[in-house]
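Descriptive analysis of the structure
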Amino acid sequence: MSLVLDAAAQDLLFREARTANTFSDEPVTEEQVQAIYDLVKFGPTAFNQTPLRITLVRSPEARERLVKHMAQGNQAKTSTAPLVAILSADNEFHEELPQLLPHFPQAKDAFFSERPVREQSALVNSALQAAYFIIGVRAAGLAAGPMTGLDFAGVQKEFLDGDHTPLMVINIGKPGDDAWFPRSPRLEFDQVITTV
């Protein structure tokens, strides 16, 4: 085996992990979310930027406000998941770069003074962080149900501001009854990897 990660961890994080469509009613605690973040914050990004923002939707009132912006097929599971998170990109992430990149504090102005450049960088790097977050949820023994079937403008208006771009909504919790659809196919190595 070429991987140093043991088979059980590989299964937990990748091979056996699935997008859950139903959840048990077991709550997801603040301590679990803290542990997930404390692990995944170490995932690499360009310039060590941290544009991902996570809005935890816990209150019934906030959940109701969110569900109305979800695609019809995502509404029921978003209504019943123990925890729902809105992931967004902070387009003003560059303000934190002097703290996050202390050996090169001028990166804030040298590379990210223009908003379109920041938006592109925030999108790419927050997408990386979102993937780390999903793996962190799995590492906590929970299932993640990431969704992009939603009214992005509506979610932004309802929960965010003009400096934050919504990326996805993730349902989080222990899987419930009949949580899984059949595993969909994946592309093989030779269909994806090119050596030049």
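Residues numbered from 1 in each chain as written. Predicted model: local features only at pLDDT ≥ 70, side-chain atom pairs only at ≥ 80, totals over all residues. Heavy atoms only, no water.

Details of the overall build of the chain
Put simply, the test is: Numbered from the N terminus, helices here are DSSP runs of H or I no shorter than four residues, and strands are runs of E no shorter than two. Radius of gyration: over C-alpha atoms. The globule rule applied is 2.2 Å multiplied by the number of residues raised to the 0.38 power. Exposure classes here rest on a 1.4 Å probe applied to the protein chains alone. A residue is buried below 20% of its type maximum, exposed above 50%, and partly exposed in between. Contacts are residue-level and defined by heavy atoms, with any inter-residue pair within 4.5 Å sufficient. Only the protein chains shown count as cover for residues, with accessible areas throughout obtained via the Shrake-Rupley method and a probe of 1.4 Å.
Looking only at helices and strands, the chain has nine helices and four strands in total. The order of α-helices and β-strands along the chain, N terminus first, is α-α-β-α-α-β-α-α-α-β-α-β-α. For a compact globule of 196 residues, the expected C-alpha radius of gyration is about 16 Å, and the chain comes in at 18 Å, within 12% of that figure. For the C-alpha atoms alone, the extent of the chain along its principal axes is close to 50 × 50 × 35 Å. Going through the 196 residues of the chain one by one, you find that 39% of them count as buried. Counting only contacts in the chain whose residues sit at least 6 apart along the sequence, the fraction spanning at least 24 positions is 80%. Carbon and sulfur atoms make up 57% of the accessible area of the chain, which amounts to about 11400 Å² in all.

Focus on unusual backbone geometry
A positive phi angle, close to 60 degrees, is found at phenylalanine 47, a residue other than glycine. Relative to the helices and strands, phenylalanine 47 resides in the loop between helix H2 (30–40) and strand E1 (52–57). On the basis of relative accessibility, which here comes to 30%, the residue phenylalanine 47 falls in the partly exposed class. One non-glycine residue, asparagine 48, adopts positive backbone phi at about 55 degrees. Asparagine 48 sits in the partly exposed class, given a relative accessible area of 37%.

Considering helix H7 (residues 115–139)
Here is the rule: Here a helix's expected span is defined as the number of its residues, less one, multiplied by 1.5 Å.
The terminal C-alpha atoms of H7 lie 35 Å apart, and with 25 residues this matches the ideal 36 Å at 1.5 Å per residue to within 8%. Those residues of H7 not exposed but buried are Arg118, Ser121, Ala122, Asn125, Ser126, Gln129, Ala130, Phe133, Ile134, Gly136, Val137 and Arg138. At the exit of H7 stands glycine 141, carrying a positive phi of roughly 80 degrees.

So, the pairing of strand E4 (residues 164–173)
Convention followed: Strands pair, by our definition, only if DSSP identifies at least two bridges between them.
Buried residues dominate E4, accounting for nine of its ten residues. Where strand E2 (residues 83–90) meets E4, eight bridges bridge the pair, whose relative direction is antiparallel. What sits directly across from valine 84, in E4, is asparagine 171. Where strand E3 (residues 143–147) meets E4, five bridges bridge the pair, whose relative direction is antiparallel. Looking at the pairing, alanine 143 lines up with glycine 173 of E4.

Remarks on the sheet that holds E2
Rules: Here an axis means a line fitted to C-alpha atoms, over the contact stretch when the element is a helix, while the angle between two N-to-C directions is reported on a 0 to 180 degree scale.
Strand order in this open sheet of four strands is E1-E2-E4-E3, and the pairing throughout is antiparallel. Either end of the sheet is taken by a strand with one partner, and the two such strands are E1 and E3. With direction set aside, neighbouring strand axes in the sheet form an average angle of 30 degrees. Of the strands in this sheet, E1, E2, E3 and E4 touch H7, which is tilted by about 5 degrees from E4. In the packing of helix H8 (residues 152–159) onto the sheet, the strands contacted are E2 and E4, and the crossing angle to E4 comes to about 90 degrees.

A few points about the pairing of E2
Burial within E2 is extensive, with eight of its eight residues counted as buried. Both faces of E2 are covered, namely the face carrying Leu83, Ala85, Leu87 and Ala89 and the face carrying Val84, Ile86, Ser88 and Asp90. Sheet topology note: the E1/E2 ladder contains six bridges and is antiparallel. Counted as the bridge partner of arginine 53 is serine 88 from E2.

This is a description of form; function is not addressed.
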